[in-house]
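# A structural walkthrough
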Amino acid sequence: MELKHKKNSAVGEEIFFGKHPSGLDVFIIPKKGYSKSYAIFGTNYGSVDSDFIVPGEKDETHVPDGIAHYLEHKMFDQPDNSNVFDKFSRLGANANAFTSFNMTAYLFSATQNVKENLAVLLDYVQSPYFTDETVEKERGIIGQEIRMYDDSDSWKVFFNFLNCLYKNHPVKKEIAGTIDSISRITPELLYRCYGTFYNLSNMALVVAGDVEPEEIAGVIEAGIKKTEPFTEEIRRIYPEEPDETASNYAEQTMSVAMPMFMLGFKDTDTDCGDLLKKSIEVQILLKMLFGKSSRLYKQLYDGGLINATFAAEYTMQPDYAFTSVEGQSGDPKLVYDTVIKEINRVRSEGLCEEDYDRVKKVLWGTYIRSLNDVEDMASEFLRMHFMGVDYFDYCRAYKSVTFGDVKKRFENHFVPERSALSVIKPVERE
Amino acid sequence: MENINLIYVSLEQIKTTTIGVYIHRELNEADASKNAVLPYVLRRGCKLCPDSGAIEKYLENLYGAQLHAGVVNMGDDQIMRFEAQTIQDKYAAGGEPLTEDLLRLILSVMFEPVTEDGGFKKSTVEIEKKNAKERIASVMNDKRVYAMQRCMEEMCAGESFAISCRGTIDGVDAIDAADLYDYYKSAIVGSVIDIYVCGSADEERLRAVIEEKTFGAEFKPAKIPATPLHKKSGDVKRVTDRMEVTQGKLSIGFSADIAPQSKDMFALMVMNSVFGAGAHSKLFNNVREKLSLAYYASSGTIKQKGIIVVNAGIEFENFQKAYDETLAQLECIQNGEISELEYKSAVSFLVNAYEAIKDSPEQLHHFLADQRVSGTNYDIDYCKEKISAVTIDDIVRVSKRAELDTVYFLTGEGE
């Protein structure tokens, strides 16, 4: 595997990268002077991928919801009955894994034995072992994970919000599935998903820390077990999603102290060319419209309608994207109405260029900060890579954004008809 | 600046500078609610930036520097805290002195608040009282944290530690803008104030800014509040709360009666790691992996009080099973049933965690503040050495001091 090298002296970062003959993309980010190293080995496969066509097959495969997450849990069981966590613990590493909508990742952080830990990571993720007994054992554990989310107000307000925005897209489904859907998961189905999505040509590995790139590349070469990449794409089947929202309001009652809400806008400009540029534009807008220096924030905060939990975020993937604004309020509907009123005001009066100039500086600070922590940086890099975005390209994209772009993005994204409000109400007490 | 200690730690490898201000106050009934509101009121305006909007714009011009007000407690030390962060000066387009400008704002917030009619601004205080009450009420939202907090409240009933650092609804209601200002005037000159700066800065320049901003302040002698250990008294306390929830939350408190300054504290930390901190631990491997009772089952220490607390999310009907297994696992440790792997994993887990602090300014502030409150002032490498020197015999010995004290269960309405 040949390593290429890129450097960005303005921010003092460099990266070594290459493609292994197996199809695995490898990225090594040296961080001089750091105590901690971090490796993340991920597959471009998440909770949204339950319907697909395996390369070389004609028929569609449909698997139960929550299977990507279930598979992640079961990767820790090994053919020789050894315990993966024991191996990492012995080497002083902190190991974990997670499943999101679009990716499953296995990771460790360590302040020593980085190469040995990396060998363990490569080995176990390439060693699937599922039996009826081990799959059955996990149902209780994941069942408790699902129950934990059932009691989580922030989780429920989010998924109810997604169910407002999306009619068909599987992003509206909970990542771990349901008690019912996971009851249908079998070793055979897990092997089928593993064989499809854990082909190394669908995976990538990022290592960040005070490491020698050539040494790390050597450990990776030695640790790769299979070398035949797919020659065809995995076809992922997502249903047609209309521009309009499924509904504009949802509410649920839970044991919370006061109402909480999430409101936001569905992004329908999903196939735009430059995703990184788009995300910078939307993030600038979120700060201009909802940030702590904004007119709206002042009005809501001084009016006692929101508190410091108020926050806005942009979630972006190539095939879906949305902004979300969450917080606690005695009157979520009034918050929503105030937001829509402000959006309409800006639509007629226009955005303020002075705010734009100031907020664009903020985004630069946010970017610099994102390079601070090896874990955050490597994870963000991998997430972007699976979207086809090179995070090392950030400076170029940042410089290319103009006030005109941001005005256009505002017109395109902040459309009241494509907004929704999700509310969690407290249980009424006698 | 007699009461103010500036602690600068150079972290050249990272790209930000982080400033943590810790104002140490004694946790007591009379002042807890005031301390819970005060930093938020101060954060709303100062001489340098007269209102929130001006503060936010000032921060945005520092490339989105952050400034958070908050209140926490370490044992009976209630800490009013300002945490701030900026990118290092060299990443600013014009090389502006970002760290110095940020520190100047923090000091103005602390020492030059906006006043009206001899008190804080009434409208500001009213909004921040509302927000403080919302924070108090919202503790119940995260059931895992809530269960643990209730367990500690019951276990330490009658001790200062049972007082919430967020204050109480009645306490906050009783605050008025003039009284709070009087309290502020005595607190700001009558407290130990530690300022941690981690990143890249000119220490002498920072000291000069502090001296300039505190010129004329008449500081009074102050100490870091001490925390008595929790002592078990009487029978095991058993408490059940009911709420509309789908998962039960079990929280079990053990008193170990070991002080932060004791040489046994390191042994207690390793013992806790064998018991329930990490994927190598007995609780993870038995309550979760073997019995499939929980997604999380873990333990932690409350160092200042010499307490170990276990937390698990379980089905309502599995209370007894999870409880029995937790106690059985502690008994295993007490009987010396600790494998070489469990021992080694626990030690390297902690050594790794200590070493990783060196890359994280937030964790470094917390580590340094914890040393300060504990009166130990160890450095990271010393802690690593001490952890590595703990033996299996030490673990068994300290585990025998862990006594079951309080069992708390949050269950469903109909259970």
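Residues numbered from 1 in each chain as written. Chains lettered and ligands numbered in written order. Predicted model: local features only at pLDDT ≥ 70, side-chain atom pairs only at ≥ 80, totals over all residues.

### Overview of the overall build of chain A
From N to C terminus, chain A includes 15 helices and 15 strands. Along the three orthogonal principal directions, the C-alpha set of chain A runs to about 65 × 55 × 45 Å. For chain A, buried positions account for 48% of its 430 residues. Counted over contacts in chain A with a minimum sequence separation of 6, partners at least 24 positions apart contribute 82%. (Helix = DSSP H or I, 4+ residues; strand = E, 2+ residues; numbered from the N terminus. Buried ≥ 20, exposed ≤ 12 C-beta atoms within 10 Å, placed from the backbone. Contact = placed C-beta atoms within 7 Å.)

### Quick word on the sheet that holds strand β11 (residues 249-254) of chain A
Residues and elements named next belong to chain A. Taken in spatial order, the 5 strands line up as β11-β15-β12-β14-β13 in an open sheet, and their pairing is mixed. In the strand order of this sheet, the two ends are held by β11 and β13 (311-316), each with one partner. Put simply, the sheet's adjacent strands are angled 15° from each other on average, direction ignored. Sheet topology places β13 next to strand β14 (residues 321-328); 6 bridges connect them, and they run antiparallel. Bridge pairing in β14 places Met 316 opposite Ala 321. Most of the contacts of helix α5 (residues 153-165) go to strand β15 (residues 419-426), to which it runs at about 145°, and overall it touches β11, β12 (260-266), β14 and β15. (Pairing = 2+ DSSP bridges. Axes fitted to C-alpha atoms, helices over the stretch in contact; angles between N-to-C directions.)

### Here we look at the sheet that holds strand β5 (residues 51-53) of chain A
Residue and element names in this part refer to chain A. Taken together, 3 strands build an open sheet; the order of strands is β6-β5-β10 and the sheet is antiparallel. Each of the sheet's edge strands pairs with one partner strand only, and the pair in question is β6 (61-62) and β10 (235-236). Here 2 bridges tie β5 to β6, and the two strands are oriented antiparallel to one another. Paired with Phe 52 across the two strands is Thr 61, which belongs to β6.

### Remarks on the interface of chain B and chain A
Each partner contributes residues to the interface: chain B has 49 residues there, and chain A has 52 residues. Mapped onto the side of chain B that touches chain A, the elements with two or more residues apiece are α2 (52-61), α4 (122-137), β11 (307-314) and α12 (340-356) of chain B. For the side of chain B that touches chain A, the per-class residue count stands at 18 nonpolar, 17 polar and 14 charged. (Nonpolar A, V, L, I, M, F, W, Y, C, P; charged D, E, K, R; others polar.)

### Brief notes about the domain arrangement of chain B
Residue and element names in this part refer to chain B. Segmentation of chain B into domains returns domain 1 (4-213) and domain 2 (237-412). Here domain 1 and domain 2 have C-alpha centroids that lie 30 Å from each other. Of the residues lining the interface, 25 residues belong to domain 1; the matching set on domain 2 comes to 26 residues. Counting only elements with at least two residues in the side of domain 1 that touches domain 2, the list comes to β1 (4-10), β2 (16-26), α5 (143-155) and β7 (192-199). With 9 residues, the single largest contributor to the side of domain 1 that touches domain 2 is α5. Its residues assigned to classes, the side of domain 1 that touches domain 2 shows 15 nonpolar, 4 polar and 6 charged. (Domains from an automatic or database assignment.)

### Regarding the confidence of the model for chain B
Chain-level pLDDT for chain B is 96 on average; 100% of the residues reach the 70-or-more range. Interface confidence for the predicted complex, expressed as ipTM, amounts to 0.93; the pTM equals 0.94. (pLDDT = per-residue confidence, 0-100.)

### Looking at the packing of helix α9 (residues 275-290) of chain A against helix α12 (residues 353-370) of chain A
Residue and element names in this part refer to chain A. Across the interface, α9 lies against α12 with an axial gap of 9 Å and an inter-helix angle of 120°. Helix-helix and strand crossings are classified by hand; for α9 and α12 the assignment is right-handed. Here Ile 280, Gln 283, Ile 284, Lys 287 and Met 288 of α9 come into contact with α12, specifically with Asp 355, Tyr 356, Val 359, Lys 360, Val 362 and Leu 363. Split by residue class, the contact of α9 with α12 holds 7 nonpolar, 1 polar and 3 charged. (Left-handed = near helix turned anticlockwise from the far one by under 90°.)

### A word on the environment of Ser127(A)
All names here are of chain A. Relative to the elements of secondary structure, Ser 127 occurs in the loop between α3 (114-125) and α4 (132-150). In the structure, Ser 127 is positioned 51 residues away from Phe 76 in sequence and 9.2 Å away in space, judged by C-alpha atoms. In contact with Ser 127, other than residues within four places in its own chain, are Gln 78 and Pro 79.

### Quick word on the packing of helix α1 (residues 67-74) of chain A against α4(A)
All names here are of chain A. Where α1 meets α4, the closest approach of the two axes is 10 Å, and the angle between their N-to-C directions is 110°. By the criterion of interaxial angle, the relationship of α1 to α4 is roughly perpendicular. Our pair here, α1 against α4, has a crossing hand that is right-handed. Of α4, the residues touching α1 (which contributes Tyr 70, His 73 and Lys 74) are Thr 134, Val 135, Glu 138 and Ile 142. Residue composition of the contact of α1 with α4, grouped by class: 3 nonpolar, 2 polar and 2 charged. (Parallel < 35°, antiparallel > 145°, perpendicular 65-115°, else oblique.)

### Some points on helix α7 (residues 187-197) of chain A
Residue and element names in this part refer to chain A. Listed as buried for α7 are Leu 190, Cys 193, Thr 196 and Phe 197. With its buried residues spanning 130° around the axis, α7 presents them on a single face. Exposed side chains of α7 directed beyond 90 degrees from the buried face belong to Glu 188 and Gly 195. On its buried face, α7 is in contact with β4 (37-43), β5, α1 and α4. (Arc of directions from axis to C-beta.)

### Some thoughts on α5(A)
For α5(A), built from 13 residues, the straight-helix expectation of 18 Å at 1.5 Å per residue is met to within 8% by its first-to-last C-alpha distance of 18 Å. As for α5(A), its buried residues are in contact with β11, β12, β14 and β15 of chain A. (Expected span 1.5 Å × (residues − 1).)

### Considering the pairing of strand β12 (residues 403-412) of chain B
Residue and element names in this part refer to chain B. As defined by bridge partners, strand β8 (residues 237-243) adjoins β12 across 7 bridges and the pair is classed as parallel. Counterpart to Val 239 in the pairing with β12 is Tyr 408. Sheet topology note: the strand β9 (residues 248-255)/β12 ladder contains 7 bridges and is antiparallel. Along β12, the bridge assignment pairs Ser 251 with Tyr 408.

### Structural notes on the environment of Glu12(B)
Within the secondary structure layout, Glu12(B) lies in the loop between β1 and β2. If we ignore the near neighbours within four places in the chain, the residues touching Glu12(B) are Gly33(A) and Ser200(B).

### Considerations on unusual backbone geometry
Residues and elements named next belong to chain B. Phi angles above zero are rare outside glycine, and Tyr 63 is one such case at about 55°. Note that Tyr 63 resides in the loop between α2 and β3 (66-74). Its identity is not glycine, yet Asn 377 carries a phi of approximately 55°, on the positive side. Summarising the element assignment, Asn 377 is placed in the loop between α13 (361-374) and α14 (380-388). In this structure Asn 377 comes out as exposed when scored by C-beta crowding, with 9 C-beta atoms within 10 Å.

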